[in-house]
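Survey of secondary and tertiary structure
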Amino acid sequence: MNRRTKPMLLLVNYLVLVLAAFFAFYPIWFAILASGRIGDRLYTLNLLGMFIPTEWTFENYRMLLFDRPFLIWIRNSLFVAGLTTLGALLLSTSAAYAFSRFRFRSREFMLILLLAIQAFPGVLSLVAVALILTALGLFGKHMGLVLAYTAGALVFCTWNLKGYFDTIPIDLEEAAMIDGCDPIQAFLRITLPLARPALAVTALLAFLGAWGDFVLASVIVPAPDHMKTVVPALYGLANSVSIPWGEFAAGFVLMAVPTILVFLFLQRFLEAGLTLGGVKG
């Protein structure tokens, strides 16, 4: 490679990176622009207004926060997503640790069965889930939605955590048991703290799955408005006459705030290499 071609390749690489960043970020920026447009317009005929805010109003935000029960919808979604995250973590952590550390009959079959279950779309079980929740008296209630989300997240969460537990040397737990810990104490004091990165990722994905779902939430909790979660509730604002694109966009922007806060909270646990050097070979 000569001196002339090297700067050109660098220029092309930077150009590709800039275009990729624009392609990834523009839909978010477009929603932000749409949330501040006057009326219910999704776009504007002003070409410049498609890239910078040539006009701006907070009317859409005011209508959502004061004329609609948007904060109640957000509270419902936070309640459902929070309990789903907690339940999925508690159940999948114990299951993943058992699959990773213990050898028992039908272990491989059960792991393959979990993968087979994950291969089918969750919407196929919608009728069965609704019938089970109706029999339990949980249809139309938030706890029924939490139960459905938790059951759906268990397969992925278990496999994700099981893979990480496999990377933690069992020698660390054996050393802790030699020092006087029982198996449960070794798990809680040694293995679980070392698995914080996987726990953080699993918690984030479980939260996002429950936070942004539409299908299950709209079927299991169809009414009334004060019981709905935020995604189906926003969808319910549309009618046969008009579609409030500005309120949709403003709702998207406000919905992103809790997601960002959850990610920032969990980001400090996303550490790598905690077990490197923990065992001398």
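Per chain, residue numbering runs from 1 following the sequence as it is written. Restriction of local features to residues with pLDDT of at least 70 applies here, the model being predicted, together with a cutoff of 80 or more for giving and counting side-chain atom pairs; totals for whole chains, interfaces and linings are based on all residues. Side-chain metrics rest on all non-hydrogen atoms present in the structure, leaving aside hydrogens and water.

With respect to the overall build of the protein chain
Our working definition: Per the convention used, a helix needs a DSSP run of H or I reaching at least four residues, while a strand needs a run of E reaching at least two, with both numbered from the N terminus. In this treatment the radius of gyration is a C-alpha quantity, and the globule benchmark scales as 2.2 Å times the residue count to the 0.38 power. Relative accessible area decides the class of each residue, using a 1.4 Å probe on protein chains only: under 20% of the type maximum gives buried, over 50% gives exposed, and in between gives partly exposed.
The number of helices and strands found in the protein chain is 12 helices and 0 strands. Starting at the N terminus, the α and β elements of the protein chain follow one another as α-α-α-α-α-α-α-α-α-α-α-α. For the protein chain, whose C-alpha radius of gyration is 24 Å, the value lies well above the compact-globule estimate of 19 Å for 281 residues. Each principal axis of the C-alpha distribution contributes one length, and for the protein chain these read about 75 × 70 × 30 Å. Sorting the 281 residues of the protein chain into buried and exposed places 35% on the buried side.

Observations regarding unusual backbone geometry
The residue after Ala223, namely Pro224, is reached through a cis peptide bond having omega -10 degrees. With respect to the element layout, Pro224 can be found in the loop between α10 (215–220) and α11 (230–235). At Ser106, a position not held by glycine, the phi torsion is positive, near 70 degrees. In this structure, Ser106 sits in the loop between α3 (70–101) and α4 (107–119). On the basis of relative accessible area, Ser106 is assigned to the partly exposed category, the value being 40%.

Overview of helix α8 (residues 183–194)
For clarity, the cut-off: By definition here, a helix of n residues has an expected span of 1.5 Å times n minus one. The arc in question is formed by the directions pointing from the helix axis toward the C-beta atoms. Whether two residues touch is decided by their heavy atoms; if any such pair falls within 4.5 Å, the residues are in contact.
Compared with an ideal rise of 1.5 Å per residue, which puts 12 residues at 16 Å, α8 spans 16 Å between its outermost C-alpha atoms and is within 8% of the ideal. Residues of α8 that are buried include every one of Ala186, Phe187, Thr191 and Leu194, and no others. Within α8, the buried residues cover an arc of 95 degrees as seen down the axis, which keeps them to one side. Exposed side of α8, more than 90 degrees from the buried face: Ile184 and Arg189 are the residues found there. Looking at the packing, one finds that the buried side of α8 touches α3, α6 (142–167), α7 (170–178) and α9 (196–211).

Observations concerning the nonpolar core
Put simply, the test is: By convention a nonpolar core is built from buried Ala, Val, Leu, Ile, Met, Phe, Trp, Tyr and Cys residues, the set being connected through side-chain atoms within 4.5 Å.
If you look at the biggest cluster of nonpolar residues, it comprises 27 residues, and the most contacted ones within it are Leu145, Val230 and Leu234. Among the elements that make up this core, the one with the highest residue count is α3 (5 residues). Once residues within four sequence positions are removed from consideration, Leu145 is found in contact with Val80, Leu216, Ala217, Ile220, Val221 and Thr229.

Considerations on the environment of Phe214
Summarising the element assignment, Phe214 is placed in the loop between α9 and α10. Not counting the four nearest positions on each side in its chain, Phe214 is found in contact with Val231, Pro232 and Tyr235.

A look at the pattern of salt bridges
Any two side chains of opposite charge can pair, on the condition that their charged atoms come close. For clarity, the cut-off: One speaks of a salt bridge when a side-chain nitrogen belonging to Lys or Arg is within 4 Å of a carboxyl oxygen belonging to Asp or Glu.
Applying the stated criterion across every chain, the model contains 7 salt bridges. Put simply, Lys162 and Asp166 hold a salt bridge, and the shortest N to O gap is 3.0 Å. Residue Lys162 and its partner Asp166 are both found in helix α6; the two are separated by 4 residues, about one turn of the helix. By relative accessible area, which is 11% here, Lys162 ends up buried. Overall, the relative accessible area of 40% leaves Asp166 in the partly exposed class.

Observations regarding the side chain of Thr202
Going by this rule: Between N or O atoms, a polar contact is any pair within 3.5 Å; within protein, one atom must be a potential hydrogen donor and the other a potential acceptor, and residues adjacent in sequence are included only when both atoms are from side chains.
Topologically, Thr202 is positioned in helix α9. Look at Thr202 and you get buried, because its relative accessible area is 1%. Only 2.7 Å separates the side chain of Thr202 from the side chain of Asn160, close enough to count as a polar contact. Apart from residues no more than four positions distant in its own chain, Thr202 is found in contact with Leu89, Cys157, Asn160 and Leu161.

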